Amino acid sequence: MKGTEVNQVDMSAVSGDLGVLADHVPTIEQLKPGVIDFISDSGSQKYFVSGGFAIMNPNSVLNINAVEAFKLEDIDPQAVAANLSESQRLATSAKDNVIKEAAAIEVELYEFLQSALSGKAK
């Protein structure tokens, strides 16, 4: 979306939910796993990010740095449910603590993703 002009960007940060408009006060926010909604005159584009940072510059340019971002419409809800189920199984039954901890992180991420797909998350 580099160089794209939008009217508003909605996102979830560690400090709370944000709606960013032009001339927003410069800020740096740590993003939570969730949906970033880019709103323009032609509609809305929603992406799921697993985390990252949003940097609002004094010139009304918003930079979003995320390790990964996926269009919400491209994510398969059935695959998310299956992966969540497998991660939950590993988080409770794995003998190796490293596997358990990794699975617990996956569970949290898949729960955020499932919530985003159901429309319960912003």
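Please refer to the structure higher up on the page.
Remember, predicted model here, so these are calculated numbers, not experimental data. Within each chain, residue numbers correspond to sequence positions counted from 1 in written order. Where local features are concerned, this predicted model is filtered to residues with pLDDT of at least 70; where side-chain atom pairs are given and counted, the filter is 80 or more; whole-chain, interface and lining totals use all residues. Water and hydrogen atoms were dropped before computing side-chain values, which therefore reflect all heavy atoms in the structure.

## Things to note about the side chain of S87
Here comes step 1: Secondary structure elements are taken from DSSP: a helix is a run of H or I of four residues or more, a strand is a run of E of two residues or more, and numbering for both begins at the N terminus. Relative to the helices and strands, S87 is located in helix α1 (residues 77-93).
Here comes step 2: On the basis of relative accessibility, which here comes to 3%, the residue S87 falls in the buried class.
Here comes step 3: Here, residues are in contact when the closest pair of their heavy atoms is within 4.5 Å. When neighbours within four sequence positions are excluded, S87 is seen to be in contact with A103, E106, V107 and Y110. Buried residues are those whose accessible area, probed at 1.4 Å on protein chains only, stays under 20% of the maximum for their type, while exposed residues exceed 50% and partly exposed ones sit between those limits.

## Side note on the pairing of strand β2 (residues 16-20)
Here comes step 1: Whether two strands pair depends on DSSP finding at least two bridges between them. Pairing geometry for strand β1 (residues 8-13) and β2, over five bridges, is antiparallel. Paired with D10 across the bridge in β2 is G19.
Here comes step 2: Between β1 and β2, which pair antiparallel in sequence order, lie two residues.

## Some words on helix α2 (residues 97-117)
Here comes step 1: Take the number of residues in a helix, subtract one, and multiply by 1.5 Å to get its expected span. The terminal C-alpha atoms of α2, which comprises 21 residues, lie 30 Å apart, in line with the 30 Å expected from a rise of 1.5 Å per residue.
Here comes step 2: Residues of α2 that are buried include every one of A103, V107, L113 and A116, and no others.
Here comes step 3: Against the buried residues of α2 lie β4 (34-40), β5 (43-49) and α1.
Here comes step 4: The backbone nitrogen of V98 has a side-chain oxygen 2.7 Å away, supplied by the residue at the start of α2, namely D96.
Here comes step 5: Of the residues trailing α2, G119 is marked for its positive phi of about 85°. Think of a polar contact as two N or O atoms within 3.5 Å of one another; within protein, one of them needs to be a possible hydrogen donor and the other a possible acceptor, and neighboring residues in sequence only count if both atoms come from side chains.

## Quick notes on the side chain of S12
Here comes step 1: Along the chain, S12 falls in strand β1.
Here comes step 2: Taking the relative accessible area as the measure of exposure, S12 reaches 10% and is therefore buried.
Here comes step 3: A polar contact is formed between the side chain of S12 and the side chain of D17, at a distance of 2.8 Å.

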